[in-house]
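# Residue-level structural notes
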Amino acid sequence: MYKNIFGEIISKSKAVKLNEYHLYYYEEGSDFLKEIEFINEDTVYNINYFLSDEEDETKVVDYLREKSDFFDIEKKKPTTVLLSLPINYIPYP
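Now for a look at the structure at hand. Quick caveat: nothing in here was measured; it's all calculated off a predicted structure.

## A word on the pattern of salt bridges
- For the structure shown, the criterion picks out 5 salt bridges.
- Residue glutamate 27 is joined to lysine 34 by a salt bridge in which the shortest nitrogen-to-oxygen separation is 3.9 Å.
- The class of glutamate 27 is partly exposed, set by a relative accessible area of 24%.
- Lysine 34 gets classed as buried once you look at its relative accessible area, which sits at 11%.
- We note a salt bridge from lysine 75 to glutamate 57, for which the minimum N-O separation is 3.7 Å. A residue pair is termed long-range when its members are at least 10 positions apart, and lysine 75 in strand S6 (residues 71–75) and glutamate 57 in helix H2 (residues 57–67) qualify at 18 residues.
- A cluster of three or more residues bridged by salt bridges with shared partners is formed by Glu27, Lys34 and Glu55.

## Looking at the packing of aromatic side chains
- For the structure on display, the rule yields 3 aromatic pairs.
- Arranged with centres 6.3 Å apart and planes meeting at 65 degrees, the rings of tyrosine 49 and tyrosine 63 form a pair that is edge-to-face. Note that tyrosine 49 is positioned in strand S5 (residues 43–51) and tyrosine 63 in helix H2, a separation of 14 residues in sequence.
- Here tyrosine 49 falls in the buried class, since its relative accessible area comes to 6%.
- You can call tyrosine 63 partly exposed: its relative accessible area is 34%.
- In this structure, lysine 3 is placed above the aromatic ring of tyrosine 24, and the distance from its NZ or CZ to the ring centre is 4.3 Å.

## Describing unusual backbone geometry
- The backbone of glutamate 41 shows a phi angle near 50 degrees, a positive value even though the residue is not glycine.
- Within the fold, glutamate 41 resides in the loop between strand S4 (33–40) and S5.
- A positive phi angle, close to 65 degrees, is found at aspartate 42, a residue other than glycine.
- Topologically, aspartate 42 is positioned in the loop between S4 and S5.

## Some thoughts on the nonpolar core
- In this structure, Tyr2, Ile10, Ala15, Tyr21, Leu23 and Ile39 together form the largest nonpolar core, which totals 6 residues.
- Those residues in contact with alanine 15, other than ones at most four positions away along the chain, are Tyr2, Ile10 and Tyr21.
- One finds Ile47, Tyr49, Val60 and Leu64 within the second-largest nonpolar core, a separate group that totals 5 residues.

Calculation rules
Residues numbered from 1 in each chain as written. Predicted model: local features only at pLDDT ≥ 70, side-chain atom pairs only at ≥ 80, totals over all residues. Heavy atoms only, no water. Salt bridge = Lys/Arg side-chain N within 4 Å of Asp/Glu carboxyl O. Buried < 20%, exposed > 50% of the residue type's maximum accessible area, 1.4 Å probe, protein only. Helix = DSSP H or I, 4+ residues; strand = E, 2+ residues; numbered from the N terminus. Phe/Tyr/Trp six-rings, centres within 6.5 Å; stacked < 30°, edge-to-face > 60°. Lys NZ or Arg CZ within 6 Å of the ring centre and 35° of its normal. Core = buried A, V, L, I, M, F, W, Y, C linked by side-chain atoms within 4.5 Å. Contact = heavy atoms within 4.5 Å.

Coordinates in, geometry out; function isn't part of it.
Have a look at this one:
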């Protein structure tokens, strides 16, 4: 998925016309964000990578070094669900 620097989803053709855009990669078959490439003038200048427990960190570092000199790796964390109720909520008796 391609996004401009403001986070708006854009097409690939529009992204390559911009000087700077972000490319989002998701785990296959899910909506879990795996990697974000920050691209400026067709060069990846930074990568944010989200490491799962099953992945070999050494292999991931080698993979990322092939793409960019600058990257961040974050461990995959369980999803936190935030529930909220409106102030005027009245439960049924």
